[in-house]
Each structure stands twice: as C-alpha cells, then as structure tokens.
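Fold and contact review
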Amino acid sequence: MSLAKKYPKEVKQILSKYPPEHKRSAVMPLLYLAQREEGYITKDAMQDIADILDITVTDVGAIVGFYTLYHDKKEGKYRMQVCTDLPCALRGADQFMESLCANLGIKVGETTPDGVVTLEAVTCLAACDRAPMFQLQSGDGLTYYEDMTVDKTMELVRALREAGAEVK
Amino acid sequence: MSYVLLRHRDIADIDQIDVYEKNGGFEAFRQTVTRMKPGEVTDVVKASGLRGRGGAGFPTGVKWSFIDNKSWPHYVVANADESEPGTFKDREIMEGNPLQFLEGVAIASYAVGANAAYVYLRGEFWQIAEFLDKKIAEMEQAGYLGDKLFGTDYSLKIYTHLGAGAYICGEETAMLESLEGKRGQPRIRPPFPAVHGLYGKPTVVNNVETLTNLPPIITHGADWYKTMGTADSAGVKIFSLSGRVRKPGNFELPFGTTFRQLIYEYGGGVQDGRPVKAIMPAGASSSFIVADDKVLDTQMDYATVRTLGADLGSASVIVIDDTVSIDWVINKTIHFFKHESCGKCTPCREGTYWMSRLIDRLQDGARSNADVDLLLNVAKQMQNKCLCPLGEFSTMAVVTGIERFPQDFRKA
Amino acid sequence: MTKQVTLTIDGKQVTAPEGMLVVDAAKLAGIDIPVFCYHPKMEPVGMCRMCLVEIGRPMVDRNTGKAILDENGQPKLQFMPKLETACTNPVSEGMVVLTQSEKAKAGQKSTVEFLLTSHPLDCPICDKGGECPLQNLTMAHGPGQSRFLYDEKIHLAKNVPLGDLIFLDQERCIQCARCIRFQDEVAGDAVLGFVERGRSMQIASLSDPGFDSVFSGNTTDICPVGALTTADFRFGARPWELDASASICAQCPVGCNITFNTRREAKADGKIVIKRVMPRQNEEVNETWICDKGRFAYHYAESKERLNKPLVRKDEKLIKTSWEAATKAAGDAFTKAKKNLVVLASGRLSNEDLFNLKALADQVGGKTVLYSNMGGGDLTSLVGVGAGTNFGTMGQGSTIVVVASDLYEEAPIWYLRVKQAAERGATLIVANPRETKLERYANFVIRYSYGDEVRTIQDLTKKGKVADVFARSENAVILFGSEGLGLEGSTALATACARALNDTGHVGKPNNGLIGVWQRANDQGAWEIGFRPEENLQSVFDKADAIYIAGADPFGDGMLKIKDARRKPFIVVQDLFETESAKIADVVLPAQAYTEREGTLISGERRLQRFYAAVPPLEGTKADFAITSQVARQMGVILEGTSASVIFEIMAADMPIFSGLNYAKLAEVKEQWPIVGRGDLYYGGTTYENKDGLGVHLSNAAGCGEKVTLPRVQKVAALRPKENKLLAIPITKLYDHGVTVQSAELLSHRIGETFIALHPSAAEKFGIAAGERVKLSLDGVSEDVLVKIDETISAGVALVPRSMGLPINEPTEASVKTNKKAAR
Ligand SMILES: Cc1cc2nc3c(=O)[nH]c(=O)nc-3n(C[C@H](O)[C@H](O)[C@H](O)COP(=O)(O)O)c2cc1C
Ligand code: SF4
Ligand code: FES
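None of these values were measured; they are calculated from a predicted model.

1. A few points about the overall build of chain A
Each helix and strand counted, chain A has 8 helices and 4 strands in total. Each helix (α) and strand (β) of chain A, taken in turn from the N terminus, gives the series α-α-α-α-α-β-α-α-β-β-β-α. Taken along its principal axes, the extent of the C-alpha atoms in chain A is 50 × 35 × 25 Å. Counting all 168 residues of chain A, 60% fall into the buried class.

2. Section: the overall build of chain C
Helix and strand counts for chain C stand at 25 helices and 35 strands. The C-alpha radius of gyration computed for chain C amounts to 29 Å, which stays within 12% of the reference 28 Å derived for 824 residues, consistent with globular compactness. For chain C, the C-alpha atoms occupy an extent of roughly 100 × 65 × 65 Å along the three principal directions. By the burial criterion, 61% of the 824 residues in chain C qualify as buried. Put simply, chain C shows about 31700 Å² of open surface, and 50% of that area lies on carbon and sulfur atoms. Charge-centre separation for chain C: the mean point of 97 positive side chains lies 2 Å from the mean point of 101 negative side chains.

3. Let's talk about the site of ligand 1
All names here are of chain B. In the vicinity of ligand 1 there are 19 residues, among which Gly54, Asn79, Asn206, Asn207 and Thr210 approach most closely. The contact in question runs from an oxygen atom of ligand 1 to an N or O atom on the backbone of Glu82, over 3.1 Å. The side chain of Asn207 places a nitrogen or oxygen atom 2.6 Å from an oxygen atom of ligand 1. Computed on the free molecule, ligand 1 has an accessible area of 610 Å², of which 91% lies beneath the protein chains in the complex. Among the secondary structure elements, those contributing two or more residues to the shell around ligand 1 are β4 (203–207) and α18 (389–404). Of the residues assigned to the shell around ligand 1, the class counts are 5 nonpolar, 8 polar and 6 charged. Residues lining the shell around ligand 1 come from more than one domain, with at least three contributed by each of domain 1 (7–226) and domain 3 (326–408).

4. What to know about the sheet that holds strand β18 (residues 367–370) of chain C
All names here are of chain C. Ordered by their spatial adjacency, 7 strands build an open sheet running β16-β15-β26-β25-β24-β17-β18, and the pairing between neighbours is mixed. At either end of the open sheet lies a strand with only one pairing partner, and these are β16 (317–320) and β18. In this sheet, neighbouring strand axes are inclined to one another by 20° on average, regardless of whether the strands run parallel or antiparallel. For strand β17 (residues 341–345) and β18, the ladder comprises 4 bridges, and the chain directions are parallel. Within the sheet, the bridge partner assigned to Leu344 lies in β18 and is Val369. Each of β17, β18 and β24 (546–550) touches helix α8 (residues 351–364); the most contacted strand, β17, lies at about 170° to it.

5. Brief notes about the interface of chain A and chain B
Residue-level contacts link 42 residues of chain A with 57 residues of chain B. The largest contributions to the chain A side of the interface with chain B come from Phe66, Leu86 and Leu90 of chain A, which together make up 18% of the buried area. Summed over the shared surface of chain A and chain B, the number is 2 salt bridges. Applying the counting rule to chain A against chain B returns 23 residue pairs in polar contact (both at pLDDT 80 or more). Put simply, the parts of the chain that give the side of chain A that touches chain B at least two residues each are α3 (27–35), α5 (57–66), α6 (86–89) and β4 (141–145) of chain A. Per-class residue counts for the side of chain A that touches chain B are 23 nonpolar, 10 polar and 9 charged.

6. Brief notes about the site of ligand 2
In the region of ligand 2, 13 residues are neighbours, and Cys342, Cys345, Cys348, Cys388 and Gly391 of chain B sit closest. Among the residues making up the shell around ligand 2, the classes are represented as 9 nonpolar, 3 polar and 1 charged.

7. A word on the interface of chain C and chain A
Chain C puts 12 residues into the contact, and the matching count from chain A is 12 residues. Together chain C and chain A conceal approximately 860 Å² of surface at their shared face, both sides included; 58% is due to carbon and sulfur atoms. Of all residues in chain C, Ala190, Arg197 and Leu206 of chain C give up the largest surface area on contact with chain A, accounting jointly for 61% of the area buried on that side. Linking chain C with chain A are 0 salt bridges. For the interface between chain C and chain A, the tally reads 6 residue pairs in polar contact (both at pLDDT 80 or more). Counting residues per element, the side of chain C that touches chain A draws most heavily on strand β9 (residues 193–195) of chain C, which supplies 3 residues. When grouped by side-chain class, the residues that make up the side of chain C that touches chain A number 7 nonpolar, 3 polar and 2 charged.

8. Observations concerning the domain arrangement of chain C
In terms of domains, chain C is made up of domain 1 (4–148), domain 2 (151–302), domain 3 (311–372 + 526–666), domain 4 (377–520) and domain 5 (726–823). The C-alpha-based centres of domain 1 of chain C and domain 5 of chain C are spaced at 55 Å.

9. Some thoughts on the domain arrangement of chain A
Partitioning chain A into structural domains gives domain 1 (3–66) and domain 2 (78–162). Domain 1 of chain A and domain 2 of chain A are separated by 29 Å when their C-alpha centres are compared.

10. Some thoughts on the packing of aromatic side chains
One pair of aromatic rings is described through two measures. These are the centre distance and the angle between the planes. Scanning all chains against the criterion turns up 39 aromatic pairs over all chains. The aromatic ring of Phe125 of chain B is capped on one face by Arg122 of chain B, whose charged end is 5.8 Å from the ring centroid. Taking NZ or CZ as reference, Arg234 of chain C lies 4.0 Å from the ring centre of Phe167 of chain C, over its face.

11. As for the pairing of strand β2 (residues 117–122) of chain A
Residue and element names in this part refer to chain A. Summarising burial for β2: 5 of the 6 residues are buried, a large majority. Pairing between strand β1 (residues 78–83) and β2: 6 bridges, direction parallel. Each residue of the ladder has a partner; that of Gln81, found in β2, is Glu120.

12. Description of the sheet that holds strand β21 (residues 444–446) of chain C
All names here are of chain C. Across the sheet, 5 strands lie side by side as β21-β20-β19-β22-β23; this open sheet has parallel pairing. Each edge of the open sheet is held by one strand with a lone partner, namely β21 and β23 (513–516). The average undirected angle you get between the axes of adjacent strands in this sheet is 15°. Across 4 bridges, the pairing between strand β22 (residues 475–480) and β23 is parallel. Counted as the bridge partner of Phe480 is Gly516 from β23. The strands touched by helix α13 (residues 465–472) within the sheet are β19 (398–403), β20 (427–431), β21 and β22, with β21 carrying the most contacts at an inclination of about 120°.

13. Details of the nonpolar core
Counting 318 residues, the largest nonpolar core has Phe101 of chain B together with Phe334 of chain C as its most contacted members. With 10 residues, helix α6 (residues 98–112) of chain B is the single largest residue contributor to this core. If sequence neighbours within four positions are ignored, Phe101 of chain B has contacts with Ala78, Ile93, Met94, Val119, Leu132, Val208, Leu211 and Thr212 of chain B. Judged by nonpolar contacts, the second largest core, of 33 residues, contains Ile330, Val378, Ala379 and Val399 of chain B.

14. Describing unusual backbone geometry
Each neighbour pair has its own omega, and for Ala131 of chain A with Pro132 of chain A the value is -5°, a cis peptide bond. Among the structural elements, Pro132 of chain A can be located in the loop between β2 and β3 (134–138). Cis geometry marks the peptide bond from Arg189 of chain B to Pro190 of chain B; its omega dihedral reads -10°. Examined against the element boundaries, Pro190 of chain B turns out to sit in the loop between α8 (172–179) and β4.

15. Here we look at a negative patch on the surface
Residues and elements named next belong to chain C. Taken together, the side chains of Glu488, Glu535, Asp779 and Glu810 define an acidic patch exposed on the protein surface. Topologically, Glu488 is positioned in helix α14 (residues 487–503). Note on Glu488: relative accessible area 45%, which makes it partly exposed.

What counts, and where the lines are drawn
- Residues numbered from 1 in each chain as written.
- Chains lettered and ligands numbered in written order.
- Predicted model: local features only at pLDDT ≥ 70, side-chain atom pairs only at ≥ 80, totals over all residues.
- Heavy atoms only, no water.
- Helix = DSSP H or I, 4+ residues; strand = E, 2+ residues; numbered from the N terminus.
- Buried < 20%, exposed > 50% of the residue type's maximum accessible area, 1.4 Å probe, protein only.
- Rg over C-alpha atoms; globule rule 2.2 N^0.38 Å.
- Areas by Shrake-Rupley, 256 points an atom, 1.4 Å probe, with all protein chains shown as cover.
- Lys, Arg positive; Asp, Glu negative; His and termini not counted.
- Charge placed at Lys NZ, Arg CZ, Asp CG, Glu CD.
- Near = heavy atom within 4 Å.
- Polar contact = N/O pair within 3.5 Å; in protein donor to acceptor, adjacent residues only side chain to side chain.
- Nonpolar A, V, L, I, M, F, W, Y, C, P; charged D, E, K, R; others polar.
- Domains from an automatic or database assignment.
- Pairing = 2+ DSSP bridges.
- Axes fitted to C-alpha atoms, helices over the stretch in contact; angles between N-to-C directions.
- Contact = heavy atoms within 4.5 Å.
- Buried area = accessible area lost by both parts, 1.4 Å probe.
- Salt bridge = Lys/Arg side-chain N within 4 Å of Asp/Glu carboxyl O.
- Phe/Tyr/Trp six-rings, centres within 6.5 Å; stacked < 30°, edge-to-face > 60°.
- Lys NZ or Arg CZ within 6 Å of the ring centre and 35° of its normal.
- Core = buried A, V, L, I, M, F, W, Y, C linked by side-chain atoms within 4.5 Å.
- Patch = residues over 30% accessible without salt bridge, like charges linked within 9 Å, V, L, I, M, F, W, Y side chains within 5 Å.

Following this line, the structure appears as structure tokens:
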C-alpha cells in the first residue's frame, strides 16, 4: 500500500508544515515515515514519496544516501549506534565498544544472528558528558542511553530480544 | 548568581507553561509585539553586544539588520543541529528550558518580520523534537503563537524540522538546503541568507543558545546584559566541558571566566590528577592550545582566546591530559571530518580522505617523518580553498597538532 | 542595455557587462581560466575549486562611498586573504584579477593534485583521452609527480550502466555535478543524482528505465573526464583519429547543427564510417545540445541492407540492372504518363532533390504530392516566425503557445528551448487533450477534446484571461502539431493559428509567428518548393499512370494499397532500402544517404541550413537530385545533376524566397556566446565550434511588408468517440519504427512494442488490464498491440503512435478485443 494511503493523516500533517509550492521540504519527514515499519526505506516507498512531492525517485534516493539516519537495506531490528567520537573516546568509548563486540559476538557493522541488534559506531551525538553512550534506532524512532556500562547494555539487549520474540 | 539560560536548574518545571509564565515568561515577547517596532528590537539586541553562540560569534543584531526588506516573506531558522563533537548545550536548553528558547525564536521572528520560523534539529534529537512540538502546541493554545498575537496584526507559526545525521547541516546554508528537501550541501556565499535564504527569501539563522538569550535581554535591557562578560564578549555563555575532566557538563558562566576556573573550579579538575596537556576550546574544529599556567589563567572570550592561536567557537572545551597522544586525537578528528565532509568541494572531499589515509599509516606504526610532513602539507594545502568552513575546520587540529606537539608525531 | 564595467585581468583591460562572472569576462578577453564544474549554460556552484584566482577590489570609504586612493592617486585595492572562485564572482568596476600569480597557480595546482588522488589515471584506455579537460589541465596546471600512494586509491566500478545509453566509470568521476545539473537545470529531467556523501559520493540514476531522458547524451559532452560515455561510442575510437564534418540532424524539424565524426574502420572493410554524432554550436537553433535520437539514430546508412544497384521488374521479379536501363524505363513511363504522372516525395529529401523532382513533374504537367498528413506549410510561408526569431531571446513579454503537439517527443530541442524561455519569464500556453511533459512549465494549460483544436485557438482572440495575455503580449509564437489530426484537421488548425497571430499583430517580426511541428526534417522546404499533401492519396494513386516515389514508403506505412492489379500505375521508387513500396515497384533506384552528399534543409523555424558529405557514398548509389536529373535526361529534359550547390543557384534565381542566397552565404559564421572550442574543451564541453555555417533565416511574406490574406478556417466535421467504439488518435513518439530509429540497435529498448494507450475506465469497460496484449482493429487492419494506461486522456479515445506499424494518419474509429482467451 502506498504511503499516502496508509498514513493519510500523517502525510497531510507533514505537508502542512511547508509552503505548498515548496512541498519538497517534506521529503525528510516523509522518509522517516517510510522507515517506520521495516526500519529501512524500500525503492517503492521512495517512488511513493517522489509522487507525493512531484520530484524524481532519484531525487529521493539522493537524500536517502546523504543522511546517515536513513537506511536503504534491511539490518537488525535495532541499530545500536555507539558514539566513539573524540570526547566519548576520551572517556572510554572505544573500550566500551570493544567489550560490546565481545559480548554480542559480532564486529562493528554487523548484526546479531537473531537479527535484533546491529552494532554501529557513529560520530558525536551531543552527549559527550555522559559517555559511554549510544542511541538505539528503530523504525519507531531514537532513544538515547547515556552513562552506560556493558552490563546495563547487555541487560537492555536481553529485554529487546524478549520483546522481539513476543512480536514474532 | 542565578541562571540566565539554564533556568531549569533554578526553577523546577519551568518547561511547564504556567510555571514559565509565573516566572515572567512571554512578557518579553508580549512587550516586543505590543510596544516595540521591529527595528527597535534589533537596536536593543545590537546594543546588548550579543554575539552568535553557534561558533562564529557574529553580532546578532547586526546580522538581523542585513535582512533584505525588499523581498518577502522572511524566515527565521533556529539552528538546533548541534553536532560539533564536544558540544551539548543546546540540547540541555531545549530539554530543560524549551519555552525560553521558543520565546527567543518568537522575538527574533518579530524583529525581522518573519511569520514562520523553523527549528532545525539534528535527526538524533527525535525526542526533543516531539517535546518541542508539544510545547509549540501549548503556546498556540495559550495564544503566544498563531494569528493576530496579543490583538495586533502580527502572526507567527513555529515548526520543527528533523535532520537525519549530517554535521554539515549545522552550516547555515547547508541547513537551508536540507530544509528545502535537498542534500545538505552548502551554498556559495554571497548571497548570504539575509538576502537569499530559505526558499530564496531573506532568512535569519541563529543558534539555540543565541535565541535563548533574547527574552532576558528584552526584559532587563541591553545595559544589564553588558554588565556580564567582557568588553569584547558581553553576557553569559554555556561552556560544554568534556574530555579528561572529573565532572564534565554544561556550565553557564560569564565570558571572561578563565580556563582554570572552568576546568578546576567547575569541572572538578583532571581525572587521576593528571596535568592538562592541551585544550580544544571549540570542539573537534579547534586548534590545539598548549596548556600551561599562563594559558590556564587566560580569560575565555572571543578576542582573548584568539591571542592563544585558537578560536573559542561554540565554547565546547575538550580537555586533554598528558596520558593522551595528540596523533591519536587528530586520528579521531580527521575521521570525523572525513565522515562528515559533504563531498561538494574538491579540497575537502579529497583532502579529508587523503589525510585519513596518512593518519592511518601513522597510527599503524609504520610512521615516517616524511608522512608527517606530507600530512601537514596536505592539511595546509586544503586551507583557504574550501567552499565552506568544514573543510577548513578539518585542518585546524592537524596543523596545530603537528606544529605544537611535534614530539607526538616525529621519530627522533 | 546592461551597464558595462572595466576591470583588469592579468594586466589586460577588459570591458564586460556588469554581473558577468569573472571566468566569462576572462574568456571574452581571450584568457582561459581553468574550470571543471563551471559550465557557461548552468548556474555556477563553485564546487570543484579549479578556477581559484586572486581578486582585488577597490577599497571604498564607508562614509563618502568614494574609492580610497593610494599615494600615487591610484585606487587602493583590497585582496581577500583567501583565493576566490572565478566562476562565482561577478565582475565589478575597477576589479583586478590575477589568474597567473604564484598564489593562484598554487591553488589551481593543488586542486588538480587533489582530484588526481582518487583518479585512476587510465588515460591510455579512456575514451576521453585526447579531448579530456582533466588531462589537459593536468598538463597545464598539475603537479609533476604524485604524492599520493597509488595503492591507497579507492577502486570503484568502471562499467556502471546508468541506463542503456550511458555508462559511468565511477573511478574517473570527479564529482563536478555537471551531468546532474544539466539534467536538472537544462533538460528538466532530474534523473541523475549523487548518492552517499564525501568521498563515497557517486552518480546514480534510480529512474525506470535508467537515465530516463531524451537528452542523456549531452552529459557525455560536458563531462570533463571520461566518466560518462555513450554505449555507442565507448571503446569505439580515439578522439584524435576522428575527422569531423558539419551536418544538420535530419530527424525532426528543429534542424540541430551537428558534427559527424568519422574514421576509417577495419570492421567495415576499411571504409570510412561515422563513429559518433556531436552537437555543433548554433545558439539560435540548438545551442550546444542535441537529443538522443539525433545522437544515436544514424547507423542506418551503414546497413548491409542498403540498395546498391538499380532494379527493374522482369517477369514478376526485380532484377539488377544498369543505371542507364533503369532510368530509361522510368523516363519512358513518365513521358508516356504525361499529366498522369504523380511525383510523391517526403520531407526526408533535401531542397535540391525536391526542386529537381518538381522540375521533372512540371515538364510533363504531372502532379507533385508531399508525403505527409499535416497541413499548413503554405501558411508558415506567409506568417511563419520572422527572420531573426530566436527562442533564446524570448522571455518576459513573449507568449508561446503549443497546441496539438508533444514537443518532448516530437521536437526535443524545441521543448528544451521553450522550457527555458518560460523559465526566463515567457508566458507559456500548452493546449493538448492529454498531459504532456511541457505542461510543468506552462502558465496556462488548456485541455480540450480531440476535435476542438480550432475552437481552442479561436478562443485566443476572444475575451478571457488567456486571450488577454495572448493579445497583449509583445511577442507571440504558436507551435502547432498534428496530434490527433489528419490533413484536413491540421490545415484547419494551422489556419486558425495563423489568423489568431495575424489578428493580434503577431506576425512579420522576429519572435512572432507560426511554427509547424512537422513530422520530417524538411517538410517546410517541400512546402516552399511547391509540394502539397493530398487528402486522398489513394485516389490520386488510383488515377495515375505512373508514380515516382522518393524518400517515402507509402505501401509499408499502409497509406497506399494496390486495389486493382491490372490497372496499377508504373511505379518508380527511389530509396536507400528495399522497402515495401520498392518491393512492388517496376523500377527501383538506389539513393545515397544524406550523410554521403551535400544539400540544404529548411527547419520548422524556416532556417535554411547546409549539410555536407561526411562519408563517401556507397558504391552504386547516387544522390536523389542526380538520379532525378538522369531520369529527366531520358525524357529529353536537362536538369542539373552534378552539383547540389549549382542546383541551389538555379533555385535562387528561380524562387524569390531564395533570392540572393548561395552555399557560401549559408556557410557564414560569426562569433557566438558562449565561446566553445578554442582548445579548452573544459569550458563548453566537447560540443563543436561552428565553423561551417549558421544558416540563413528565410523571410516571409508578412516580414517583407506584404499584406497577407489568410484563408478562412474550413469547417471540419470532427469525429467524436461513439458508445462502445474507440476513437483512435494518432500521436507522435520520438522513438518509433521509422527507418532511422529502427536501425539504431541501442534505441530498440526505448522503442518498445507497438502499443495503444487507454483511459483506465475504457480499459475497464473493455475488460483489459494494463500491460495486456489486445487485438486492435482500425481501417480494416487488425494488429496485436500492448495496452498502456493514461489517466489524462478521455475515456473514448485510444492513443495510437504513428510509425509504429499501425496505419493511422487521422482520427479513425477503432475497436479492441482482448486476447485473453487465446492466451490461455
Ligand atoms: C561545519 C559547520 C557546522 C556548524 N554547526 C553548527 C551547529 O551545530 N549549531 C550552530 O548553531 N551553528 C553551527 N554552525 C554555525 C552556523 O553556520 C551559523 O553560523 C550559526 O548557526 C549562526 O547562528 P549564530 O549567529 O546565532 O551563532 C556551523 C558552521 C559550520 C561551518
Ligand atoms: S568544505 Fe567540505 S563540507 Fe564544505 S562544501 Fe566543501 S566538501 Fe562540503
Ligand atoms: S569552482 Fe569554479 S569552475 Fe569549479
């Protein structure tokens, strides 16, 4: 089903933020909408957005490719994005990341075999005073987890796994 | 001293509209709309000496006065992209004291004749955006936003817009491109946004912290504001302190506070009691300041920090102690800029990539002085040639790191 | 006129219009500042940083507004600490530009070095080698040695098809975005974009089909490296091996100026063949662009199927014979037929060919017929656009009306030029029964029903908003086509258009008048020379004793049928191929392709242009005019047959519109802006400089001050869709089954199958789904066709493309039957 049919209210609300002659501005919020379900954006969804905004699907794809929070491939249900940038690294983010890898049994950029968590290293998230930290991205949005330890993180992963199993 | 910006630290629940109102909230906005001409608001802000808190430190009132009144409509865009490594102040304002920030947006909008303002938040601030949306709705309900405000002809709407993970969108013209639904790549300037901004219309872009200063300036006046800070840099500043300090965090202090006060008095000193080796006063974009006693006692304002061969920028002070090697630091900054280079211009796109190959080689241990020379040379070759400041930023730590800490790079 | 300012570039005083960019002003002064991303036809973006120069501006006293002077009384200059881009800074009074200072040169050198760090340096195997801006600029400005380790280069895909016509070599791309910007800004098909960012940024097209634009080939001209190549030319030859001959594209009435690049080819037994088609600058016609049909549909002349011997019919069979025998047979038949001779020729032929054909017919009192089902060429002679008309100068104050034509499909470069005029402020009115691409740029869209064309145009002279705009605009041009119209209908439409223009005073001046969107390149020429189409070609044929068919295949197109084999006229066919018409002919005369000979064509804007021979003729063939001359000789008539230019001189003496013109005049050139060529290909792309003639705009009756009397608009009983029947409507597609397109293998995907388009409700009514194949019956013929759905047409019509194997030349009743059962 097309985006406009599935989320008519949301699409309308998004479009209302921008002058009608500049509705192209809505491409970013619409991409978040498209990413809701699967956690990534399909080519069909890009075409949908292009149709809503009267731009080409290439224009939409060019946006997806530019910004790191849009994804065009399926990965884990949750993307655990650990900040390993300078300020966090000065507070042990690299070691934190290493232990996470060891505990999850995957390398940075990989997804756990159960498909629940993809581990990613990202640049500064404006939480430098609360390292180690990460954000958890899923189709539904983003949550910050700050002042983290490996134990707390693994606890969270367990909870996510259980919740995921329920859904299945 | 009570807080000017981080007022939520003094007053509980100031993010609630009734509490905010009880503490004088929206009086400044009411006063501007009902009793001041737009030009008068600009004059007060000019007189206050308020300078932009986004990094460049440009006088805010002067920027507003450039707005092109021959072309309409006008827009205000609040820069809430906050992505400079080491910066986390705007986030605290929006989470803790959102209404003062939004009131600031409203005052700026009135001053430049904008009937629509956008708050551009970095995509990671997803929850903050939802929170601001709620606050905006409450303001509309309470009559602070919408049509014919306070019984005048002035109307204003504020919208949030989420980015999606791109540091470059903090650069104002890239932000405008992004807001227009395009890739966040900077535009050539001139024309500046004040003439050709959002949708080609005159636009003022201001940082969240800058805007949050406006309500108290209007309420208490320009002279009051100038009683704080230094002659060069009036008022208070939120310093984001991070790195190897014991108590990292945001500290709202008047300009002119010394590095020593910030690091030792407020930040609790360096971890493990090590000495400060270097300071990066403006996040990853900084030049390194070689720390010594004299430096630590230097006042932090735009002009004085410049005498140390660095810029204060957004005052995101990263403290580096003697356990850290500078080549490791610039490895981090180079990879940051390589990752964030938008790719539009040649020197930045190719230069950050080239530097990353060179620093990788140095880090791998296969270090040769020739590679160090080449890295320094490549960084210098990028300077003054990039389309926007990001490319220039990427060279600052590299050049000053190698030049000011040669022992961390060269083999004897 | 814009204010002129004086500045100094490298010590040279230059006067240039205020606001011109430094890079352009330097170009005017003969100084080539190196560029990659800048292109004079696109908005500057300042992204490659190749054009770094030092710029000094006179210092001005803030208080007095006067220049501050130094001790010598000279204005004090302020140089920016940073180098500046010459491509983004406009010139100003007193500016001083240094393009060769140590600092500027170091800046340029560093840009080249940065670019080369990620460039594969594979010049020896690169198609662009020899005409590559990066190669040239590296020689001129680059570092001698690489400081970047070769092993650390990123390796990327080298063979990425962006579509079926254009390939991308990701390693060679220097991210200048010229291609993306061309597609977005100039072509209006934003089907290219960057994906990713930073060093990972790559060109991509997500459209379906890939790189979906008829202008795609131009990106390979403006690409400053060998990153974009055409499927046609890649690995085909090295640029320096190529010869160049000027020509005119013969695919549509725009008359784009082109260059044929040729080379002796081993694969073609050492013959000289055309390797590629390139645009040749003519700012008044095609600027520096051509469409993909013009670029890729040229291979037909190389076909192995070409006729190379005259044929005559003997005992029911066509057998090879001598020119003498074949022309004698033809000549004898024509002499005998006298006034019952019909000469049927098309606008595929040049003026010289048509002139000789007409002269031959006149000798025996025969009839000349233009092979076309579109009328109005006599009106364009009267009130066609005035000499000096140039879409490039239309903008505010001009109104352009496009009616019954889909310019994107029928005349792509006009589409592009009209779009740009609209973007500059011209009022664009698009009137068509269905949605066409041009509408995006229109100020007014008029949607009428097929059959209401005339009324739609007549309304332009009545009251109403659109009519007011039209009447009041300083200049007005109408382009009329033949979508949904036969000869009668298009004649009526042309008349209505001519009258609307004449009544509102929009004739006889530059940028005013009527343009026919003809189906062939030289239809306008044929009209000027006196050929006229016939409403009922079949009855003309049935009455004839002999017919001389040149440059047309009426039997293949289903326009003529042999009704009575016993009373069939003597048929002479002159063509390149053994067409259906040739197969039933009594004499077949093998003609040369236009690439093999000289001649002139008249574009829809009535510009007379010259084309030159690019390759030697196929042995055994002759130019059309020469064949006609030889046939005439057999009839005892002397017609010039050796030289096209001599024929033209005869025409000039004979026909007032050509008076005073000759081939030398047509070969005249003047300097054009932007300056292309001049060795620095990086500025305008590999477009050819025009050294062989800009052509001459013919004046018309209205332009000569003659009072024009226009005919009345003839009432045409328009067919309307009937219940349970469909009205088949002819439309024109760019890529069809025309002989030139079909022989271009590359384009075959784009042509696709023969199709019709129906409204969703019509499809539903007849129980047909999109993509289904159905049996279409019209005009007594049944064909299997594919069904496409078009929501913008009305329910009662079926769009039927011309030249796609279905005999349609005017609206006709049709019916469709689903094939579903048969399929199962
Ligand atoms: C690469 C780059 C990143 C920037 N990031 C930010 C940012 O995250 N937040 C911000 O307020 N300004 C940022 N700026 C500065 C803005 O371009 C702009 O100067 C500022 O928003 C103006 O507001 P101000 O005058 O209130 O400081 C950045 C500039 C550059 C060149
Ligand atoms: S300096 Fe970097 S970020 Fe700025 S335009 Fe150039 S490539 Fe983009
Ligand atoms: S930056 Fe001027 S030509 Fe590219």
